[in-house]
Amino acid sequence: MKKVLFVCLGNICRSSAADEIFRQLTIRKGLADQFEIDSAGTYGGHAGDLPDPRMRAAGKRRGYNFTHRSRKVRSDDFDRFDLLLAMDDSVYESLSRLSPTVEGLQKLERMADYIPSHFGYDYVPDPYYEGADGFELVLDMLEEGCEVLLDKLSR
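Model, not experiment: these values are computed from the prediction.

About the criteria used
- Residues numbered from 1 in each chain as written.
- Predicted model: local features only at pLDDT ≥ 70, side-chain atom pairs only at ≥ 80, totals over all residues.
- Heavy atoms only, no water.
- Buried < 20%, exposed > 50% of the residue type's maximum accessible area, 1.4 Å probe, protein only.
- Helix = DSSP H or I, 4+ residues; strand = E, 2+ residues; numbered from the N terminus.
- Arc of directions from axis to C-beta.
- Contact = heavy atoms within 4.5 Å.
- Polar contact = N/O pair within 3.5 Å; in protein donor to acceptor, adjacent residues only side chain to side chain.
- Core = buried A, V, L, I, M, F, W, Y, C linked by side-chain atoms within 4.5 Å.
- Pairing = 2+ DSSP bridges.
- Axes fitted to C-alpha atoms, helices over the stretch in contact; angles between N-to-C directions.
- Expected span 1.5 Å × (residues − 1).

**Student:** Break down helix α4 (residues 89–98) for me, with residues and values.
**Tutor:** Where α4 is concerned, the buried positions are Val91, Tyr92 and Leu95. Seen along its axis, α4 keeps its buried residues to an arc of 100°; they face one direction. Those residues of α4 that are exposed and angled more than 90 degrees off the buried face are Ser90 and Arg97. Buried positions along α4 lie against β1 (2–8), α3 (77–80), β3 (83–86) and β4 (108–110). The backbone nitrogen of Ser90 lies 3.1 Å from a side-chain oxygen of the residue at the head of α4, namely Asp88.

Here it is in C-alpha cells:
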C-alpha cells in the first residue's frame, strides 16, 4: 500500500481538495485498496475545520464532497507516509524543517512537479485570498496533477 499525504498551509483549500480528488480518482480506476490518502496543513489554526466553504462549493459543482477535517502535520507523518506533497515552496520549506530525519526529507516532493506546465505555475496557488476563479483554477490544476501522480505511483 502506498501512503500519500497532501500538505498546504491551513488544510482547508488545496490539500484537502487534493486528498479527495486523488481518493476519487483511485476509486474510479479500481486502485483504492492500493492507497492510503490524507492531508494536513503546516498551520494548525484551522484544526478540526471543514474545508473552506468556497472550496466545498466549487468541488460540489464538479461532483466532489470535501468533508476532510483539517489537521496540522506532525513529525510522525514522515514515518507514516511514503510521500508528502507540498503545495508551494513555503510549505515545502516548513516540511523540510519539520522532518525528523534525512529519510523523511527524501519523501518530500512538490505537487507542482505533477501538474502540467500549461497552467503556467511552478506551485499550486492558494485560492483563499482569491475570488471564485482561484478555486476553479486550483481544482483544474489538482485534477490534472492527480492524474499524473496516480499514473506514476501505479506503475
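Text resumes after the structure shown.
**Student:** So what about the environment of Gly45? Which residues, and what values?
**Tutor:** Mapped onto the elements of the fold, Gly45 is located in the loop between β2 (35–41) and α2 (53–61). Between the alpha carbons of Gly45 and Gly10 there is a distance of 7.1 Å; along the sequence they are 35 residues apart.

**Student:** Report on the nonpolar core, specifying residues and quantitative values.
**Tutor:** Within soluble globular proteins, side chains that are nonpolar generally end up buried alongside one another. One finds Phe6, Phe22, Met111 and Leu142 to be the most contacted residues of the largest nonpolar core, which totals 34 residues. Of all the elements, helix α6 (residues 132–153) adds the most residues to this core, at 9 residues. In this view, Leu142 contacts Arg14, Ala17, Ala18, Ile21, Met87, Met111 and Val124; residues no more than four positions away in its chain are not counted. Formed by 12 residues, the second largest nonpolar core is a distinct cluster that contains Leu5, Phe78, Leu84 and Tyr92.

**Student:** Can you break down the sheet that holds β2 residue by residue, with the values?
**Tutor:** For sheets, the rule is that strands pair by backbone hydrogen bonds, running either parallel or antiparallel. Ordered in space as β2-β1-β3-β4, the 4 strands form an open sheet in which the pairing is parallel. Every other strand in the sheet has two partners, leaving β2 and β4 as the edge strands with one partner each. In this sheet, neighbouring strand axes are inclined to one another by 25° on average, regardless of whether the strands run parallel or antiparallel. One ladder, built from 3 bridges, connects β3 with β4; its direction is parallel.

**Student:** Give a description of the environment of Phe119 that names residues and reports values.
**Tutor:** Among the secondary structure elements, Phe119 is positioned in the loop between β4 and α6. Those residues in contact with Phe119 that sit more than four places away from it in its chain are Leu137, Asp140, Met141 and Glu144.

**Student:** Lay out the side chain of Ser99 with the relevant residues and their values.
**Tutor:** Here Ser99 shows up in the loop between α4 and α5 (102–105). On the basis of relative accessible area, Ser99 is assigned to the buried category, the value being 13%. A distance of 3.3 Å separates the side chain of Ser99 from the backbone nitrogen of Leu105, its partner in a polar contact. Leave out the neighbours within four places in its chain, and Ser99 touches Phe78, Gly104 and Leu105.

**Student:** Report on α6, specifying residues and quantitative values.
**Tutor:** Taking 1.5 Å as the rise per residue, α6 with 22 residues should run 32 Å; its terminal C-alpha atoms sit 31 Å apart, in good agreement. Listing the buried residues of α6 in full gives Gly134, Phe135, Val138, Leu139, Met141, Leu142, Gly145, Cys146, Leu149, Leu150 and Leu153. Of the surrounding elements, those touching the buried residues of α6 are β1, α1 (14–28), β2, α2 and β3.

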